[in-house]
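Spelled out from the first residue to the last, the chains are:
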Amino acid sequence: MAGSCAGRPLPAGPRSLADALGHALAEPLLALTDLPSFDTAAMDGWAVAGPGPWRLGGAGLLAGEEPGPLGRDTAVPIATGAPVPPGATAVLRREHGEADPARDLLYDRSPGPVCEGQDIRPRGQECRSGEPLLPAGTTVTERVLGLAAAAGYDRLTVHRRPSVELLVLGDELLDRGVPRGGRVRDALGPLLPPWLRGRGAELIGHRRVPDDPGPLGEAVRSSPADVVITTGSTAAGPVDFLHDTLRSVGARLLIDSVAVRPGHPMLLAELPATSDGRARRLVGLPGNPLAAVAGLVTLAEPLLRRLGGRREAGPVRLTATAALPGHPHDTRLLPVFTSGQGVAPLPFDGPAMLRGLALADALAVVPPGGVTAGAAVDVLELPGR
Ligand SMILES: Nc1nc2c(c(=O)[nH]1)N[C@H]1C(S)=C(S)[C@@H](COP(=O)(O)OP(=O)(O)OC[C@H]3O[C@@H](n4cnc5c(N)ncnc54)[C@H](O)[C@@H]3O)O[C@H]1N2
Ligand code: MOO
């Protein structure tokens, strides 16, 4: 998506590790220490100085203790994770040493000679203080929290996550039970909130809005969200009021339909700013569920990514294992299953269908005319693959 449509990333600030989860790093993560920050025993056994045999001496060294120096030809019991004493040349594993308590001697019974530095994790092996560990724009995952803690961080400087309000339109939608009386179940109400949260949104509201320009206009006008996402009402049907509503609230259409199937009526608009000058945008997803997902993946997600300061996630190029049918002049987004072999299409891929999508792990970006078996195709990964 063009940067000018999406705007700049939201401001950044410090957050505790727990609160930073799901946000994007606003600065590269630099190591605050060498890792490990001291020469560390990698195994339970003895710290030894010289080639052995060794005189056994001293109380054992445990993790979390600062040891005194070790004299030449001596050995001291050591636990995994304990700092190796100055003067030690290696750690001899417990199973490779034989102690003679009567003579206070330790013999090396390892298969080969103990090499200098064996089973010592040297200071700085993983990184040096100041070394960049992760670039700005990285999403803070559970794994990143672990690394940040290990590298000495109590807080991380992260971007604010975009707040999102979801407005689901359609008087024909049912919230429970089997479709009846010409009505259908709301499939997007259950699908969108967890998807959006998983993609860096802070969902601040989710409600159904009637197919009526009054309540729709009021909901759009009053929303404090950075991004309002609507579903349905993008086309020109008798109760499709979204375009009229956008005009009436003074919105500026930035994207009004895209040459893609499904999803072509998707739209992006700039809403009037909040009273404190904060920019607001609206993404209109089409009502057909697969079309809505197409708009979610190609319009809403890139916008949220950009606002949240997260790095771009480009498509992955794979090989089609079977022909992927195309549209005559628009791009098609097809639910596909990817494997070591490549990309396979799935049945039930119509704009109103979710059956193929539920089995899919990606959307293939099929250029006009289609892709022949054996040809390369770009795919966009879906959550949960
Ligand atoms: N004359 C034309 N008609 C339509 C065109 C067109 O170009 N010319 N485009 C079609 C395409 S493509 C799409 S996609 C839809 C987009 O319509 P809207 O965004 O206005 O959506 P609705 O009319 O409100 O609903 C369409 C369809 O989807 C069902 N729906 C809506 N919301 C949900 C939901 N939350 N869960 C499940 N199903 C939902 C709704 O009942 C309709 O069946 O317009 C075509 N028409
Ligand atoms: O664009 Mo419609 O979205 O083909 O279903």
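Above: the structure in question.
These lines cover the structure that appears in this document, whether it is placed above or below. Please read all numbers here as calculations on a predicted model, not as lab measurements.

## Section: the overall build of the protein chain
Secondary structure assignment for the protein chain yields 8 helices and 26 strands. Relative to a compact globule of 385 residues, whose C-alpha radius of gyration would be 21 Å, the protein chain shows 30 Å and is clearly more extended. Dimensions of the protein chain, computed from the C-alpha atoms along their principal axes, are close to 95 × 55 × 40 Å. Classification of the 385 residues of the protein chain by burial places 38% in the buried group. Contacts in the protein chain between residues at least 24 apart in sequence constitute 67% of all its contacts with a sequence separation of at least 6.

## A look at the site of ligand 2
Near ligand 2 the following residues occur: Arg 261, Pro 262, Gly 263, His 264, Pro 265, Pro 286, Asn 288, Ala 291 and Pro 351. By residue class, the composition of the shell around ligand 2 is 5 nonpolar, 3 polar and 1 charged.

## Description of the sheet that holds strand β16 (residues 202-209)
Spatially, β16-β13-β17-β21-β20-β18 is the arrangement adopted by the 6 strands of the open sheet, whose pairing is mixed. Each edge of the open sheet is held by one strand with a lone partner, namely β16 and β18 (252-256). Between one strand axis and the next, the sheet turns through 20° on average, direction left out of account. In the packing of helix α4 (residues 188-198) onto the sheet, the strands contacted are β13 (163-169), β16 and β17 (227-231), and the crossing angle to β13 comes to about 170°. Contacting β17, β20 (267-271) and β21 (280-285), helix α7 (residues 289-307) crosses the sheet at an angle of about 165° to β21.

## Observations regarding the site of ligand 1
By nearness alone, 26 residues border ligand 1, and Gly 232, Thr 234, Ala 235, Pro 286 and Gly 287 come closest of all. In terms of residue class, the shell around ligand 1 is built from 14 nonpolar, 9 polar and 3 charged.

Reading the values: the criteria
Residues numbered from 1 in each chain as written. Chains lettered and ligands numbered in written order. Predicted model: local features only at pLDDT ≥ 70, side-chain atom pairs only at ≥ 80, totals over all residues. Helix = DSSP H or I, 4+ residues; strand = E, 2+ residues; numbered from the N terminus. Rg over C-alpha atoms; globule rule 2.2 N^0.38 Å. Buried ≥ 20, exposed ≤ 12 C-beta atoms within 10 Å, placed from the backbone. Contact = placed C-beta atoms within 7 Å. Near = placed C-beta within 6 Å. Nonpolar A, V, L, I, M, F, W, Y, C, P; charged D, E, K, R; others polar. Pairing = 2+ DSSP bridges. Axes fitted to C-alpha atoms, helices over the stretch in contact; angles between N-to-C directions.

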